[in-house]
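Listed below, chain by chain, are the residues.
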Amino acid sequence: MTTGNGLSIGIYVFDGAEELNVAGPFEVFTAWRERSALKPRVATFSWDGRGVRLAQGLHMVPDRSADDVGPLQLLVYPGGPGVQPLVGDRIHLEWLHAMRVQTPLLASVCTGSLVLAAAGLLAGRPATTHWDHYDELAGIDPSIMVDTETRFVDDGDVVTSAGVSAGIDMALHLVERFENAEVADQVRHDLQYEGA
């Protein structure tokens, strides 16, 4: 999943995305960059490249727009109250479906999985989300096997995590998956993160 230019990771941001859904994986992946032979490149991007206001009021200026984010090996889709309008946005869901076709690995944090489900990307798969939204996830697509027991579900080319802080656990898992457990442990140590 790497290219000659290193591993490319994009974190999609939007108005109403939960801060830790974005910052948790971002922190893990940028800390990983300092330890990794893969030298992952991590970028945030919004639909049009403009700044966004996250769920708790934090303003964020992303690196790029969806049009110029370039090929990704990993796309991270956060959750938060801002997913609600996106679940019903046909143009956005078509874009996400197209991104999935060209992106080897897709990961969601928290209620980001609701948008993946609405785009048809979780049909017939095991997946999870924030515990307050299990029924909503199943309601979007009843074929989804909603996992209510784990912090994250790795289903090969799609990985979903439970609420908020679970995105950090998922990101550390992805570091281990891309590289190895030793590097993931080093990143965990650097962040002084003990996990759930």
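Bear in mind the structure is a predicted one, so any value in this text is a computation, not a measurement.

J.: Looking at this structure, how should I read the overall build of the chain?
T.: Scanning the chain from N- to C-terminus turns up 7 helices and 11 strands. Computed over C-alpha atoms, the radius of gyration of the chain comes to 15 Å, within 12% of the 16 Å expected from 2.2 N^0.38 for 196 residues, which places it in the range of a compact globule. Within the chain, buried positions represent 52% of all 196 residues. Intrachain contacts of the chain at a sequence separation of at least 6 include 64% that bridge at least 24 residues. With the model as given, the accessible surface of the chain reaches about 8900 Å², and the carbon-plus-sulfur share is 50%.

J.: How should I be thinking about the environment of Tyr 12 in this particular structure?
T.: Position of Tyr 12 among the secondary structure elements: in strand S1 (residues 8-12). Given the relative accessible area of 3%, Tyr 12 is considered buried. Sequence separation between Tyr 12 and Pro 104 is 92 residues, and the spatial gap between their C-alpha atoms is 16 Å. Every residue in contact with Tyr 12, bar those within four places of it in the chain, is listed here: Phe 45, Ser 46, Trp 47, Leu 75, Val 76, Tyr 77, Pro 78, His 92 and Trp 95.

J.: What's the story with the packing of aromatic side chains in this structure? I'm lost.
T.: The way to describe two aromatic rings as a pair is by their centre distance and the angle between their planes. Under the defined criterion, the tally for this structure stands at 9 aromatic pairs. Seen from their ring centres, Phe 14 and Tyr 77 are 5.8 Å apart, and the 35° between their planes marks the pair as tilted. With a gap of 63 residues between them, Phe 14 in the loop between S1 and helix H1 (19-33) and Tyr 77 in strand S6 (residues 74-77) connect regions that are remote in the sequence. Each member of the pair, Phe 14 as well as Tyr 77, is classed as buried.

J.: Teacher, can you tell me more about the pairing of strand S11 (residues 158-161) here?
T.: Residues in a regular strand project their side chains so that they alternate between the two faces of the sheet. Burial along S11 is two-sided: Val 158 and Thr 160 and Val 159 and Ser 161, pointing in opposite directions, are all buried. For strand S7 (residues 105-108) and S11, the ladder comprises 3 bridges, and the chain directions are parallel. Within S11, the residue paired with Ser 108 across the bridge is Thr 160. Where strand S10 (residues 152-154) lies against S11, 3 bridges are found, and the strand directions are antiparallel.

J.: I tried to follow unusual backbone geometry on my own but got confused; where do I start?
T.: It is generally the case that most residues other than glycine have a negative phi and that most peptide bonds are trans. Notably, Lys 39 is not glycine yet its phi reads approximately 50°, a positive angle. Classification of Lys 39 by relative accessible area gives partly exposed; the value is 46%.

J.: What is the right way to look at the nonpolar core in this model?
T.: Among soluble globular proteins, nonpolar side chains are generally buried collectively. Residues Phe 29, Trp 32, Leu 74, Leu 96 and Leu 174 are the most contacted members of the largest nonpolar core, which totals 58 residues. Per-element tally for this core: the top contributor is helix H6 (residues 166-178), with 7 residues.

J.: Before we go on, may I ask you to explain the sheet that holds S1 in this structure?
T.: What links the strands of a sheet is backbone hydrogen bonding, and the strands pair in either a parallel or an antiparallel sense. Across the sheet, which stays open at both edges, the 7 strands sit in the order S5-S2-S1-S6-S7-S11-S10 with mixed pairing between neighbours. The open sheet is flanked by strand S5 (64-65) and S10, the only strands paired with a single partner. As judged from the 2 bridges shared by strand S2 (residues 41-46) and S5, these two strands associate in the parallel manner. Bridge pairing in S5 places Ser 46 opposite Ser 65. The sheet contacts of helix H3 (residues 90-102) involve S1, S2, S6, S7 and S11, and relative to S6 the element is tilted by about 150°. Set on the sheet, H6 makes contact with S6, S7, S10 and S11; between it and S11 the angle comes to about 150°.

Calculation notes
- Residues numbered from 1 in each chain as written.
- Predicted model: local features only at pLDDT ≥ 70, side-chain atom pairs only at ≥ 80, totals over all residues.
- Heavy atoms only, no water.
- Helix = DSSP H or I, 4+ residues; strand = E, 2+ residues; numbered from the N terminus.
- Rg over C-alpha atoms; globule rule 2.2 N^0.38 Å.
- Buried < 20%, exposed > 50% of the residue type's maximum accessible area, 1.4 Å probe, protein only.
- Contact = heavy atoms within 4.5 Å.
- Areas by Shrake-Rupley, 256 points an atom, 1.4 Å probe, with all protein chains shown as cover.
- Phe/Tyr/Trp six-rings, centres within 6.5 Å; stacked < 30°, edge-to-face > 60°.
- Pairing = 2+ DSSP bridges.
- Core = buried A, V, L, I, M, F, W, Y, C linked by side-chain atoms within 4.5 Å.
- Axes fitted to C-alpha atoms, helices over the stretch in contact; angles between N-to-C directions.

Any functional reading would require information that these geometric values do not contain.
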